[in-house]
Amino acid sequence: MTAFYPPRPAKQRPLAAIEIALNVGPPVLLGAALAALYAWARSGLEEHRRFLMPGWSDLWTGAFASEPVRAELFRAAGVTAQIALTGLAITIPIGMLLGVLMFRWRFAERAAFPYLVALQSIPILAIIPLIQSLLGFGFVPKVLIVALFTFFAIPTTLLLGLKSLDPGIIDLFRLQGASWRTTLLKAGLPASLPALFAGLRISAGLAVIGAIVSELFFVSGDGGLGQMLINTKIDFQYEQMYAALIVSSAMSIGVYLFFSWLGRRLFSSWHDAGEA
Amino acid sequence: MSEQATAPPPAADAAAPALSFADLSLTFADGTHALAGINLAVRPGEFVSILGPSGCGKSTLLRVAAGLVDYSAGALNVDRAHLGFTFQDATLLPWRTVRRNVELLLELRGAPPAERRRIAQEKIALVGLSGFEEHHPKQLSGGMKMRASLARSLTLDPKIFLFDEPFGALDEVTRERLNDELLALYARQGFTALFVTHSIAEAAYLSSRVVVMSARPGRIVAEFAAPFPYPRRDEIRYSADFARLSGEVSAALRAASAT
Ligand SMILES: Nc1ncnc2c1ncn2[C@@H]1O[C@H](COP(=O)(O)OP(=O)(O)OP(=O)(O)O)[C@@H](O)[C@H]1O
Ligand SMILES: [Mg+2]
């Protein structure tokens with residue numbers, strides 16, 4: 001039996017406005033649904049516990065609209081960002097160096113890998129008291145905690161990327177008598193950039209989380225967002241606490257987006273994942 | 001520069017071979033016996049094709065000649081100073097444009113930027129990729145990638161050119177067109193070629209000599225001269241000699257695969 005299949009014109013590219021709506025629409029809709037859920041949960045609370053979930057207008061007047069709170073949020077975010085970025089500034093080069101060493105020498109990979117996995121499986125929160133006893137309450141222990149949170153993804157993704165290098169390309173370099181270093185710089189590292197950036201995005205998000213967690217345990221000095229979370233809870237200023245939470249998430253998302261953007265700029269012209 | 005436009009005559013006399021294997025054997029570390037007593041001498045300017053069953057050691061033989069793999073016994077004589085090698089896939093660096101890919105080998109050899117740029121430009125034009133210099137490999141078709149790969153090898157002005165099934169992944173029409181372009185380059189540059197292929201027609205059309213290898217461990221079991229003068233034109237494909245040569249190679253190949 002034959003059946004008639006009518007011709008179908010190729011799909012037109014949607015209008016720019018529609019395309020934007022298709023991209024922005026779903027998260028906005030989901031956001032609205034979550035806000036509604038929040039309002040519903042809040043209405044279910046007894047009157048005297050409702051301060052636990054401030055309403056949108058309270059959040060605005062009690063936090064974001066108030067100049068001193070804004071200044072405090074800004075300052076605290078700066079402190080947190082400093083801890084997170086210092087941690088990353090240490091783990092990115094060291095992690096990349098370890099990734100390269102593990103690629104160069106099988107025994108380095110064999111030696112280091114179990115400890116990388118162990119590092120990833122230790123609950124970092126559980127060793128924070130130990131870090132406290134060893135290093136006190138200053139800046140250094142906080143950075144160390146960020147480093148523990150962010151390290152794993154960097155050498156592992158870089159190693160994965162280096163191993164994905166086409167063996168034909170290695171042969172090509174060998175035929176010209178290229179040194180191992182030249183091969184690494186001109187072939188290995190560029191080839192592994194997409195994988196490495198996937199790792200950097202993960203680590204950057206974890207760096208903000210690590211910085212905030214570290215502050216929850218080390219309430220001292222001019223604190224960052226983590227300390228603000230604790231202090232506002234003690235003072236029953238829940239609007240400010242929610243504001244600190246929102247700024248924390250915004251920072252996490254911000255660094256994630258930054259590394260996505262940077263990756264896209266660096267390799268969208270040649271790598272498919274760069275377009276994602 | 002090799003600008004002679006005449007066909008390089010295969011030297012019939014006993015000139016020293018450009019590339020020779022004498023009783024060359026290779027057993028890999030895992031015990032795979034890949035090559036068993038290869039005897040082959042390629043004269044300067046000769047174009048030799050190698051056919052053989054899959055896995056018989058053809059790629060390995062080229063890799064031995066290039067120094068990418070060590071052999072276990074016998075002897076190898078080759079001048080590696082001007083060695084060209086094209087792989088089965090184009091092996092372009094995906095993050096580099098066509099121009100920067102073609103410049104790569106000279107860059108690795110430390111040629112100054114202006115010079116390697118000039119040479120790359122020239123070879124890109126030679127393989128018909130002008131206008132695509134700033135394209136990335138992912139924007140090219142399979143045939144164009146292979147051309148870029150060829151242009152890259154040509155930048156070294158190879159005296160000896162090793163080809164590992166360079167056109168194996170292409171459609172018949174593109175393959176035949178690239179065959180003609182390769183013959184034009186051969187006439188122009190006058191290199192010595194060792195060309196691995198699975199296509200009998202390609203081997204017969206391109207080469208002055210066709211050798212057939214046995215199943216692994218690879219040995220050379222048959223040799224045929226291709227009695228067509230260069231420069232060759234498409235008409236020879238329809239000649240009786242071409243049909244006879246193809247038939248003989250095909251029979252040898254079937255016999256080699258059966259063992
Ligand atoms: N590094 C290696 N170690 C061990 N065995 C190898 C290695 N490289 C190749 N071989 C083996 O050597 C044999 C010959 O391989 P080769 O790639 O030379 O075959 P080929 O003739 O090029 O085949 P094809 O026509 O399919 O390309 C195969 O059995 C292969 O598995
Ligand atoms: Mg092969």
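Presented here is a report on the structure given in the accompanying data block.

Tallying secondary structure elements over chain A gives 11 helices and zero strands in all. Reading the secondary structure of chain A in the N-to-C direction produces α-α-α-α-α-α-α-α-α-α-α. Here the C-alpha atoms of chain A give a radius of gyration of 24 Å, more than 25% beyond the 19 Å that 2.2 N^0.38 yields for 276 residues. Taken along the three principal axes of its C-alpha coordinates, chain A extends 75 × 75 × 40 Å. The buried share of chain A, taken over its 276 residues, is 38%.

Another point: the sheet that holds strand β3 (residues 47-51) of chain B. Residues and elements named next belong to chain B. Taken together, the six strands give an open sheet; going across it, the order is β5-β6-β7-β3-β8-β9, and neighbouring strands pair in mixed fashion. With partners counted over all chains shown, the strands left at the sheet margins are β5 (83-86) and β9 (220-225), one partner each. On average, adjacent strands in this sheet sit at an angle of 15 degrees to one another, irrespective of strand direction. Sheet analysis places strand β8 (residues 209-213) next to β9, joined by five bridges and oriented antiparallel.

Residue and element names in this part refer to chain B. Inspection of the region around ligand 1 gives 13 residues, with Ser54, Lys58, Ser59, Thr60 and Arg216 positioned closest. The separation between an oxygen atom of ligand 1 and a polar side-chain atom of Ser54 is 2.6 Å. In the environment of ligand 1, an oxygen atom lies 2.5 Å from a nitrogen or oxygen atom belonging to the side chain of Thr60. Against a free-state accessible area of 640 Å², the protein chains account for coverage of 64% of ligand 1. Looking at side-chain class alone, the shell around ligand 1 contains two nonpolar, seven polar and four charged residues.

What follows deals with the interface of chain B and chain A. Contacts between chain B and chain A engage 22 residues on the former and 21 residues on the latter. Summing both partners gives a buried area of about 1,800 Å² for chain B against chain A, and 65% of it is carried by carbon and sulfur. Of all elements in the fold, only α1 (58-66), β5 and α2 (98-108) of chain B reach the threshold of two or more residues within the side of chain B that touches chain A. In terms of residue class, the side of chain B that touches chain A is made up of 13 nonpolar, three polar and six charged.

Here we take up a nonpolar patch on the surface. Residue and element names in this part refer to chain A. A grouping of Leu130, Leu134, Leu135, Val140 and Leu144 is seen on the molecular surface, where their side chains present a nonpolar patch of about 480 Å² in accessible area. Those elements that place two or more of their residues in the nonpolar patch are α5 (124-135) and α6 (139-150). It is α5 that contributes the most residues to the nonpolar patch, three residues altogether. As for its position among the elements, Val140 is in helix α6.

Before going further, it helps to examine the nonpolar core. If you look at the biggest cluster of nonpolar residues, it comprises 68 residues, and the most contacted ones within it are Phe21, Leu35, Leu162 and Leu194 of chain B. With nine residues, the top contributor of residues to this core is helix α9 (residues 180-217) of chain A. Both domains that furnish three or more residues to this core are identified here as domain 1 (1-79 + 159-259) and domain 2 (92-157) of chain B. In terms of nonpolar packing, the next biggest core, distinct from the first, is built from 47 residues, Phe47, Leu51, Val98 and Val212 of chain B among them.

Next up on the list: the side chain of Glu165 of chain B. Residues and elements named next belong to chain B. Mapping Glu165 onto the fold places it in the loop between β6 (160-164) and α5 (172-189). Notably, Glu165 is buried but unbridged: the nearest opposite-charge side chain belongs to Lys58, and the N-O separation is 5.2 Å. Polar side-chain contacts of Glu165 include one of 3.4 Å to the side chain of His198. If sequence neighbours within four positions are ignored, Glu165 has contacts with Gln88, Val196, Thr197 and His198.

Looking now at empty space enclosed by the protein. Considering all chains together, one arrives at two cavities of 30 Å³ or more under this definition. Each pocket or cavity is described by its volume, and for the largest cavity that value is around 50 Å³. Looking at the largest cavity, the residues that line it are Leu172, Leu175 and Gln176 of chain A together with Leu83, Gly84, Phe85, Leu105, Arg152, Ser153 and Leu156 of chain B. At the level of secondary structure, the elements contributing two or more residues to the lining of the largest cavity comprise α8 (167-175) of chain A together with β5 and α4 (142-154) of chain B. In terms of residue count, β5 of chain B provides more of the lining of the largest cavity than any other element does, three residues in total.

The subject of this paragraph is the sheet that holds strand β1 (residues 19-27) of chain B. Sheet strands pair by backbone hydrogen bonding; their relative direction is either parallel or antiparallel. Residues and elements named next belong to chain B. Ordered by their spatial adjacency, three strands build an open sheet running β2-β1-β4, and the pairing between neighbours is antiparallel. Single-partner strands in this sheet number two, and they are β2 (33-42) and β4 (73-78). Across the sheet, the mean angle separating the axes of adjacent strands is 20 degrees when strand polarity is ignored. Bridge count for β1 against β4 is five bridges, and the pairing is antiparallel. The partner of Ser25 across the bridge, within β4, is Ala73. This element, α1, spans β1, β2 and β4 of the sheet and lies at about 115 degrees to β1.

All names here are of chain B. Where α4 contacts α5, the two axes come as close as 11 Å, and the packing angle between them is 15 degrees. Here α4 is positioned roughly parallel relative to α5, judged by the angle of their axes. As α4 packs across α5, the resulting crossing turns out to be right-handed. Seen from α4, the contacting residues are Gly143, Arg147, Leu150 and Leu154; seen from α5, they are Thr174, Arg177, Leu178, Glu181, Leu182, Leu185 and Gln189.

Rules of the game
Residues numbered from 1 in each chain as written. Chains lettered and ligands numbered in written order. Predicted model: local features only at pLDDT ≥ 70, side-chain atom pairs only at ≥ 80, totals over all residues. Heavy atoms only, no water. Helix = DSSP H or I, 4+ residues; strand = E, 2+ residues; numbered from the N terminus. Rg over C-alpha atoms; globule rule 2.2 N^0.38 Å. Buried < 20%, exposed > 50% of the residue type's maximum accessible area, 1.4 Å probe, protein only. Pairing = 2+ DSSP bridges. Axes fitted to C-alpha atoms, helices over the stretch in contact; angles between N-to-C directions. Near = heavy atom within 4 Å. Polar contact = N/O pair within 3.5 Å; in protein donor to acceptor, adjacent residues only side chain to side chain. Areas by Shrake-Rupley, 256 points an atom, 1.4 Å probe, with all protein chains shown as cover. Nonpolar A, V, L, I, M, F, W, Y, C, P; charged D, E, K, R; others polar. Contact = heavy atoms within 4.5 Å. Buried area = accessible area lost by both parts, 1.4 Å probe. Patch = residues over 30% accessible without salt bridge, like charges linked within 9 Å, V, L, I, M, F, W, Y side chains within 5 Å. Salt bridge = Lys/Arg side-chain N within 4 Å of Asp/Glu carboxyl O. Core = buried A, V, L, I, M, F, W, Y, C linked by side-chain atoms within 4.5 Å. Domains from an automatic or database assignment. Lys, Arg positive; Asp, Glu negative; His and termini not counted. 1 Å grid on protein atoms, 1.4 Å probe; cavity = no way out; pocket = protein on both sides within 12 Å on 5 of 7 lines; lining within 4 Å. Points joined across faces, edges and corners; volume = space filled by probe spheres on them. Parallel < 35°, antiparallel > 145°, perpendicular 65-115°, else oblique. Left-handed = near helix turned anticlockwise from the far one by under 90°.

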